[in-house]
Amino acid sequence: MGKSIGSQIIASVFVNSLYMMANYPLVLVSTVLAPFSLLIAITFVSHGTLLPIAIGGAFILSMIGAGTGMQQDLSHFKNDFKLQDMVVSSPTSAAIYFLGMSVSELVYTIPVIIVLGILAFFYVHASLLGFAELAAVLIILFAFSCALGFVLSTFSSDVVESWAYAGIVSTVLSALPPVYYPITYIPMPFQYLAYLSPATYGAEIMQSITGVVSFSGGMLAVDWVVIIGVTLAMLAIAVKRSRWREK
Amino acid sequence: MDMLTCKGLSKEYDKGKRALDGVSFSIPAKGVFALIGRNGAGKTTLVRILATQLLPTGGYATLAGLDVVKDTGSVRELIACVPQEAHAMPWLTPRQFITSYLYWRGMGRDEAARSFMATMRKLRIEKYADTTNRKLSGGLKRKVLVAAVIASRARILFLDEPTTGLDPISRTELWETLRMLKKDHFIFLTTHYLEEAENLADNIGILNDGRLMALGTLDELRARVKYPYSIKVFSEAKAEKPRQGSMIVGEDGVRQILTTEREANRLSTKLIKRGVRLSMNPITLEDIFYYIVKKPIENEVYDNGEEYW
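Residues numbered from 1 in each chain as written. Chains lettered and ligands numbered in written order. Predicted model: local features only at pLDDT ≥ 70, side-chain atom pairs only at ≥ 80, totals over all residues. Heavy atoms only, no water.

Asker: Describe a nonpolar patch on the surface, with residues and values.
Answerer: Judged by side-chain polarity, Ile 110, Ile 114, Ile 118, Phe 121, Phe 122 and Tyr 123 of chain A come together as a nonpolar surface patch covering roughly 660 Å² of accessible area. Turning to its location among the elements, Ile 114 of chain A is positioned in helix α6 (residues 94-123). (Patch = residues over 30% accessible without salt bridge, like charges linked within 9 Å, V, L, I, M, F, W, Y side chains within 5 Å. Areas by Shrake-Rupley, 256 points an atom, 1.4 Å probe, with all protein chains shown as cover. Salt bridge = Lys/Arg side-chain N within 4 Å of Asp/Glu carboxyl O. Helix = DSSP H or I, 4+ residues; strand = E, 2+ residues; numbered from the N terminus.)

Asker: Explain the environment of Ile 156 of chain B residue by residue, including any values.
Answerer: Residue and element names in this part refer to chain B. Examined against the element boundaries, Ile 156 turns out to sit in strand β7 (residues 156-160). For the pair Ile 156 and Asn 281, spaced 125 residues apart in the sequence, the C-alpha separation amounts to 35 Å. Apart from residues lying up to four places away in sequence, Ile 156 is in contact with Met 3, Leu 63, Ala 64, Leu 78, Ile 79, Ala 80 and Phe 186. (Contact = heavy atoms within 4.5 Å.)

Asker: I'd like a description of the side chain of Thr 259 of chain B, backed by residues and values.
Answerer: All names here are of chain B. Inspection of the secondary structure assignment puts Thr 259 in strand β13 (residues 255-259). In terms of polar contacts, Thr 259 uses its side chain to reach the backbone carbonyl oxygen of Gln 244, at 2.5 Å. Excluding residues within four positions of it along the chain, Thr 259 makes contact with Tyr 227, Pro 228, Tyr 229, Pro 242, Gln 244, Gly 245 and Ala 264. (Polar contact = N/O pair within 3.5 Å; in protein donor to acceptor, adjacent residues only side chain to side chain.)

Asker: For the packing of helix α4 (residues 51-80) of chain A against helix α8 (residues 159-175) of chain A, give the residues involved together with the corresponding values.
Answerer: Residue and element names in this part refer to chain A. Two elements in contact, α4 and α8, have axes separated by 10 Å at closest approach and are oriented at 170°. Accordingly, the angle class assigned to the pair α4 and α8 is roughly antiparallel. Residue-level contacts link Leu 61, Ile 64, Thr 68, Gln 71, Gln 72, Ser 75, Asn 79 and Asp 80 of α4 to Val 159, Ser 162, Trp 163, Tyr 165, Ala 166, Val 169, Leu 173 and Ser 174 of α8. Looking at the contact of α4 with α8, its residues break down into 8 nonpolar, 7 polar and 1 charged. (Axes fitted to C-alpha atoms, helices over the stretch in contact; angles between N-to-C directions. Parallel < 35°, antiparallel > 145°, perpendicular 65-115°, else oblique. Nonpolar A, V, L, I, M, F, W, Y, C, P; charged D, E, K, R; others polar.)

Asker: Go over the packing of helix α7 (residues 128-155) of chain A against α8 of chain A, please, and point to the residues and values.
Answerer: Residue and element names in this part refer to chain A. Following both chains from N to C, one finds α7 and α8 inclined at 155°, their axes separated by 10 Å at the closest point. Between α7 and α8, the crossing angle belongs to the class labelled roughly antiparallel. Relative to α8, α7 is oriented so that their crossing is right-handed. Seen from α7, the contacting residues are Phe 144, Ser 145, Leu 148, Leu 152 and Phe 155; seen from α8, they are Glu 161, Tyr 165, Val 169 and Leu 173. Of the residues in the contact of α7 with α8, the class split is 7 nonpolar, 1 polar and 1 charged. (Left-handed = near helix turned anticlockwise from the far one by under 90°.)

Structure below.
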């Protein structure tokens, strides 16, 4: 039997997004609404001045949320349905499963990306290059959070543990970094804490693109190096260190 | 070439817990191999090692001549596994779950669709193909999992306690399925339902505390027990010790006498005349298990049996 890698990837997309959305359309509504609560609050509180940043922030958190959501989805599949064991005992490799599940999370996020894209078209005044940079930041942060989510899911032994991981990851990647507002709004010395999160570096690039906040070229270069570096490291850990076949 | 070989297979977990202790055996051909043992005997650990989900700490194992550690990729092409406590996702239909599983195994769309329908028909559950799993009975849900591994066309199937929790009718239906399958598959089945092993298995292994205590066909295992007849005395009247054989007193007060056919006839006639309530049968796998392991299979903590010789 010829093995189709495309089939192996699409399996995850079907199970973890398409069939879920088809059988329970309500999940679509919940996914689309998720990033809007803070976006709306920040926009009202700032009388609209932070709207472009808030849209960028919603983009970043949607992508990070998609990746970290993978941790909970995979933990659920692994611990409650024993799906990971079934997949391990098959020709699918950890890397293919990881790739498929990442794509499935991306597909799951498509509705919100479309809505935010429409808002960005009207309210974020950036050059074409700026939008390309924004897309690159989003893809990098998505890859980082997927890899982190995958590694944690392979180590979690039950759903309660996965909730704990989700809480910690959410604090580090979503609450700590200033994605909906400029980092200068955070008083010292708490700004240093924000820099513990890779999302902060992505947020700085995004805020620079929107033109609301300006950062030096050197700072932006550091931001790129950090997000690319931590993402590559996390991807390497996901492929090499995830607990696929247990020891 | 043997279908399955284990040589000194051991597994010690991090906290020093030894789950498998030098397990060695081989199974020559296809059919059903049932591994029986009490909870915690090491059955799932052995399945997980053979199904390439867990690494052993010692020894080696081969499936169809392929080493499960060194030839992992090739082994995974041959095997499919239904883990203990596996469930088909409730939001999917059998069609969605099984075809996705087949995609994961690398099958193309048309081939997966064909294999799915052929398997559903074979198991006579095709009318449930598009019913969401959450609406299916417990027995059907387990059948969906078994259908997934059958549809995969893997030659070697691992089924870890596939009938646990099923009602007797569902269990019997699943046995029928496995009986059909064993003609052209090697099925590694773990169970603590001894009648399941008796009904299905071509070979039976008894695992206790990580050690393989016995292996063979049911007849070969029977032959290991010196006395092939069992009398169970249920009433409280004093049971007479057999002239030949042994008597075991269970926790529930039931006395079991293992003896020869002749002595069983003599004793049971005598006891019936005294109005003692009893049953007499050729020994079952349960008796063999008790004889070899010295503990009943079901009760984890019970060990009050007293043996007279």
